[in-house]
Amino acid sequence: MKDWIDVYKSNAVLEVGRAVLKHLSGLSSNEKIVILCIGTDRSTGDSLGPLVGYRLSRYRTLSALVVGTLDHPVHAVNLKETLERINRDIPNNFIIAVDACLGTHGT
């Protein structure tokens, strides 16, 4: 299930929070949350994921596993391998993916 949020709306942060809560409310207590931040800092338009991952990884109170940072990005070259590793090491997972999209909804 995907949620698309227009970052130019004034309530975008609230919409992100609602989308995350909507999906997390149905999780069982034994599921591990993985925040998968996809992109590369080598392209400004594709750097959202690693920047979010970098910022989230600095919060030690998160019970979620953050994968994809500026130091260790997840991108087209290593995405398949990263997903395989996550599913192997954490078989009961719930992945929240953070990725940039250049364009408009529906294109």
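Residues numbered from 1 in each chain as written. Predicted model: local features only at pLDDT ≥ 70, side-chain atom pairs only at ≥ 80, totals over all residues. Heavy atoms only, no water.

Visitor: Any chance you could explain helix 2 (residues 48-57) here in plain terms?
Guide: Owing to its 3.6 residues per turn, the α-helix brings residues three or four apart onto one side. The set of residues buried in helix 2 consists of Gly49, Pro50 and Gly53. For helix 2, the arc enclosing every buried residue in end-on projection is 90°, short of the 170-degree limit, so these residues lie on one face. The inward-facing, buried residues of helix 2 contact strand 1 (32-37), strand 2 (65-67) and strand 3 (93-98). (Buried < 20%, exposed > 50% of the residue type's maximum accessible area, 1.4 Å probe, protein only. Helix = DSSP H or I, 4+ residues; strand = E, 2+ residues; numbered from the N terminus. Arc of directions from axis to C-beta. Contact = heavy atoms within 4.5 Å.)

Visitor: I keep staring at the sheet that holds strand 3 and nothing clicks. Help me out?
Guide: In a beta sheet, neighbouring strands pair by backbone hydrogen bonds and run either parallel or antiparallel. Strand order across the open sheet formed by three strands is 2-1-3, with parallel pairing between neighbours. Two strands in the sheet have a free side with no partner beyond their single neighbour: strand 2 and strand 3. Strand after strand, the sheet turns through a mean of 20° between neighbouring axes, direction not considered. Relative to strand 3, strand 1 runs parallel, the two sharing six bridges. Within strand 3, the position partnered with isoleucine 33 by the bridge is phenylalanine 94. Of the strands in this sheet, strand 1, strand 2 and strand 3 are in contact with helix 2, which crosses strand 1 at around 135°. (Pairing = 2+ DSSP bridges. Axes fitted to C-alpha atoms, helices over the stretch in contact; angles between N-to-C directions.)

Visitor: Looking at this structure, I do not really get the confidence of the model for the protein chain. What am I missing?
Guide: Per-residue confidence for the protein chain averages 88 on the pLDDT scale, and 92% of its residues sit at or above 70. Mean pLDDT per element in the protein chain: helix 1 (residues 12-24) is the minimum at 88, and helix 3 (residues 79-89) is the maximum at 97. (pLDDT = per-residue confidence, 0-100.)

Visitor: Before we go on, may I ask you to explain the side chain of asparagine 93 in this structure?
Guide: Checked against the element boundaries, asparagine 93 lands in strand 3. A residue is classified by how much of its surface remains accessible, and asparagine 93, at 16% relative accessible area, is buried. Within the structure, asparagine 93 has its side chain in polar contact with the side chain of asparagine 87 (distance 2.9 Å). Only 2.7 Å separates the side chain of asparagine 93 from the backbone oxygen of isoleucine 90, close enough to count as a polar contact. Apart from residues no more than four positions distant in its own chain, asparagine 93 is found in contact with Glu31, Lys32, Val34, Ile86 and Asn87. (Polar contact = N/O pair within 3.5 Å; in protein donor to acceptor, adjacent residues only side chain to side chain.)

Visitor: Looking at this structure, how should I read the environment of leucine 79?
Guide: By the element assignment, leucine 79 lies in helix 3. The class for leucine 79 is partly exposed, based on a relative accessible area of 25%. Taking the C-alpha atoms as reference, leucine 79 lies 16 Å from leucine 65; in sequence the two are 14 residues apart. Ignoring sequence-local partners within four residues, the contact set of leucine 79 consists of Leu36, Ile38 and Val74.

Visitor: What is the right way to look at the nonpolar core in this model?
Guide: Proteins that are soluble and globular tend to have nonpolar side chains buried together. Counting seven residues, the largest nonpolar core consists of Val34, Leu36, Ile38, Val67, Val74, Ile86 and Ile90. Within the second largest apolar cluster, six residues are counted, among which are Ile33, Ile35, Ala64 and Val98. (Core = buried A, V, L, I, M, F, W, Y, C linked by side-chain atoms within 4.5 Å.)

Visitor: Could you clarify how one ought to interpret the pattern of salt bridges in this entry?
Guide: Between side chains of opposite charge, a pair can form when the charged atoms approach closely. For the coordinates displayed, the defined rule picks out two salt bridges. Salt-bridge contacts for lysine 9 lead to glutamate 15; the nearest nitrogen and oxygen are separated by 4.0 Å. Close ionic contact of aspartate 89 with arginine 88 constitutes a salt bridge, the shortest N to O distance being 3.2 Å. (Salt bridge = Lys/Arg side-chain N within 4 Å of Asp/Glu carboxyl O.)

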